[in-house]
Amino acid sequence: VGITQAVTKWNCQVKRTEDIPAAIAKAFYIARSGRPGPVVVDITKDAQCGTAPFRYEKITSIRSYLPAPAPDAERIAEAARLINQSRRPLVMVGQGVILGNAETELRALLDKSGMPAASTLLGLSALPTDHPQNVGMLGMHGNYGPNIKNQECDLLVAVGMRFDDRVTGNPAHFGANAKVIHLEIDPAEIGKIIPADVAVVGDVKRSLPLITERIRKRDHSQWIAGFRACDQIEYEAVIRKAVHPAEGRIRMGEAVAAVARAYRNDAVLVTDVGQQQMNAARYFGFRRTRSVVTSGGLGTMGFGLPAAIGAKLGAPDREVVLFAGDGGLQMTIQELGTIFQSKIPVKIVLLNNSFLGMVRQWQELFYDRRYSFTEMVNPDFGLIARGNGLSYRCVERREELDEVIAAMKASEGAFLLEVRVEGEENIFPMVPAGAPVSEIRFE
């Protein structure tokens, strides 16, 4: 209990068998309500082995626990006033929109206000990729437009996001010329990194409509056109060679885009952690919400494979595609046995560059190519896949890429597709650690 207290939303120890139902009911209520979070119920051995009459009563409230405060009317009015006055606003969409089931409310705000919107990594899919006001992804490996335009904004509307350092870069320079409206369910996140001029504490599903009904119908198409011009600059500087290379080995972005086309941007994307994660976030498209399962601030290699299993069990009617690197896959590769035993039809795309790619990229850019323990000598992934009952294909030539992706998609069971990609490819754009996001670089 002491060890988990700092990393859980709530924990307890149950010493009596008859207390187990109430503890479990309380645990589920706390975990799911308000800002979702993990709980730990530590049941002692004698309580596990005892017997008691069973009576489970669902908990709907706890006297000392307020999961979502009611939005303050004065702050709602002030937020609406700032939105009405703004000439260069930007909505920043976080995972709170998805966790709060507030996608419809977000779209209503955008439709009426005309404001452009960009997503954090974990906020991706809250808006469809092709939504006319979606201007891309924020942050270190995000899109050029929302990063470079940060200094031009006169208003930032943060919805269910926590201003992670991968989004803000150097916080002293983030939105330096902008007022900040922060809509957040957790008061501890307000003002923690970026001070808020207007803090609206509460469930965004409740607070967004209250703001929407108070704002005027606006047209920010000219402001959005500036983001589209940035998109074209980014395409010529980065995307063209990342997705449509003229020569050389297959690129990660090229493989991601090919898979996205095959699934018509309508699969659940799961990623491990590293270069493949950022490429997948950038080049996989989304048509509906809850289509991204990726590790954010607690990112760790090895996340992807077990997460893909959970995603497929949680959404058995949807296609689930995992992108993993050769380093990360090996950290939880034993879960291929779980896939085999439980017959879980996940599709695994292994982007194999024989490096720990993201670490190697930092060693190249910031440590004069002094590579230290980042080059991989890998096992035969085909033997491992077949040994665990998975179908397997390997592709090195881009002219065969679409064919093998089609074979993977048509497969009824689990499938491991190994794509041998360029070894020392870097993922750009990139905001160097500690720099303002406006200093985003293409090389």
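Residues numbered from 1 in each chain as written. Predicted model: local features only at pLDDT ≥ 70, side-chain atom pairs only at ≥ 80, totals over all residues. Heavy atoms only, no water.

### Remarks on the overall build of the chain
Okay, step 1: The secondary structure content of the chain amounts to 17 helices and 14 strands.
Okay, step 2: Projected onto the principal axes, the alpha-carbon positions of the chain cover approximately 70 × 60 × 40 Å.
Okay, step 3: Expressed as a percentage of its 443 residues, the buried residues of the chain come to 52%.
Okay, step 4: Total accessible area computed for the chain in this model is approximately 20,700 Å², and 51% of it derives from carbon and sulfur atoms.
Okay, step 5: Placing the 52 positive and 50 negative side-chain charges of the chain at their respective mean positions leaves the two points 5 Å apart. (Helix = DSSP H or I, 4+ residues; strand = E, 2+ residues; numbered from the N terminus. Buried < 20%, exposed > 50% of the residue type's maximum accessible area, 1.4 Å probe, protein only. Areas by Shrake-Rupley, 256 points an atom, 1.4 Å probe, with all protein chains shown as cover. Lys, Arg positive; Asp, Glu negative; His and termini not counted. Charge placed at Lys NZ, Arg CZ, Asp CG, Glu CD.)

### Some thoughts on the environment of Ile427
Okay, step 1: Here Ile427 lies in the segment after β14 (415-420).
Okay, step 2: You can call Ile427 buried: its relative accessible area is 2%.
Okay, step 3: Each C-alpha atom, one on Ile427 and one on Cys49, is 53 Å from the other, the two residues being 378 residues apart in sequence.
Okay, step 4: Setting aside chain neighbours within four positions, we find Ile427 in contact with His141, Gln275, Met278, Asn279, Arg282, Met358 and Gln361. (Contact = heavy atoms within 4.5 Å.)

### Points about the sheet that holds strand β3 (residues 89-93)
Okay, step 1: Ordered by their spatial adjacency, six strands build an open sheet running β5-β4-β3-β6-β7-β8, and the pairing between neighbours is parallel. What marks the edges here is a single partner per strand, and that holds for β5 (134-137) and β8 (198-201). Recorded for the sheet is a direction-independent mean angle of 15° between the axes of neighbouring strands.
Okay, step 2: Sheet topology note: the β3/strand β6 (residues 155-159) ladder contains five bridges and is parallel. Bridged to Leu90 within β6 is Leu156.
Okay, step 3: Where helix α8 (residues 204-212) meets the sheet, it contacts β6, β7 (179-184) and β8, and its direction lies at approximately 135° from that of β7. (Pairing = 2+ DSSP bridges. Axes fitted to C-alpha atoms, helices over the stretch in contact; angles between N-to-C directions.)

### Side note on the pattern of salt bridges
Okay, step 1: Here the structure, examined in full by the defined rule, presents 29 salt bridges.
Okay, step 2: Put simply, Arg398 and Glu254 hold a salt bridge, and the shortest N to O gap is 2.7 Å. Remark: Glu254 occurs in helix α10 (residues 252-262) and Arg398 occurs in the loop between β13 (391-395) and α17 (401-410); sequence separation between them is 144 residues.
Okay, step 3: The class for Arg398 is partly exposed, based on a relative accessible area of 23%.
Okay, step 4: The partner of Arg397 in a salt bridge is Glu400, with the nearest N and O atoms 2.9 Å apart.
Okay, step 5: Given the relative accessible area of 46%, Arg397 is considered partly exposed.
Okay, step 6: Classification of Glu400 by relative accessible area gives partly exposed; the value is 27%.
Okay, step 7: Each of Arg35, Asp186, Glu189 and Lys192 takes part in one network of salt bridges that share partners. (Salt bridge = Lys/Arg side-chain N within 4 Å of Asp/Glu carboxyl O.)

### Looking at helix α1 (residues 20-32)
Okay, step 1: With 13 residues, α1 extends 18 Å from end C-alpha to end C-alpha; this agrees with the ideal 18 Å at 1.5 Å per step.
Okay, step 2: Every buried residue of α1 is listed here: Pro21, Ala23, Ala25, Ala27, Tyr29, Ile30 and Ala31.
Okay, step 3: For α1, the elements touching its buried residues are β1 (10-14) and β2 (39-43).
Okay, step 4: Positive phi shows up at Gly34, right after α1, with a value of about 60°. (Expected span 1.5 Å × (residues − 1).)

### Observations concerning the layout of surface pockets
Leftover empty space is mapped by rolling, across the atoms, a probe with the size of a water molecule.
Okay, step 1: The computed volume of the second largest pocket comes to approximately 630 Å³.
Okay, step 2: Lining the second largest pocket are 29 residues, with Thr129, Asn143, Arg282, Tyr283 and Phe284 positioned closest to its centre.
Okay, step 3: For the lining of the second largest pocket, the secondary structure elements donating two or more residues are β5, α9 (221-243), α10 and α11 (275-283).
Okay, step 4: At six residues, α9 tops the list of elements feeding residues into the lining of the second largest pocket.
Okay, step 5: Classifying every residue of the lining of the second largest pocket gives 14 nonpolar, 10 polar and five charged. (1 Å grid on protein atoms, 1.4 Å probe; cavity = no way out; pocket = protein on both sides within 12 Å on 5 of 7 lines; lining within 4 Å. Points joined across faces, edges and corners; volume = space filled by probe spheres on them. Nonpolar A, V, L, I, M, F, W, Y, C, P; charged D, E, K, R; others polar.)

### Some words on the pairing of β14
Okay, step 1: In terms of burial, β14 is a largely internal element, five of the six residues being buried.
Okay, step 2: Pairing of β13 with β14, which is carried by five bridges, proceeds in the parallel orientation. Of the residues in β14, the one forming a bridge with Ser391 is Phe415.
Okay, step 3: Read from β13 through α17 to β14, the crossover connection turns out right-handed. (Right-handed = clockwise from strand over helix to strand, strands pointing away.)

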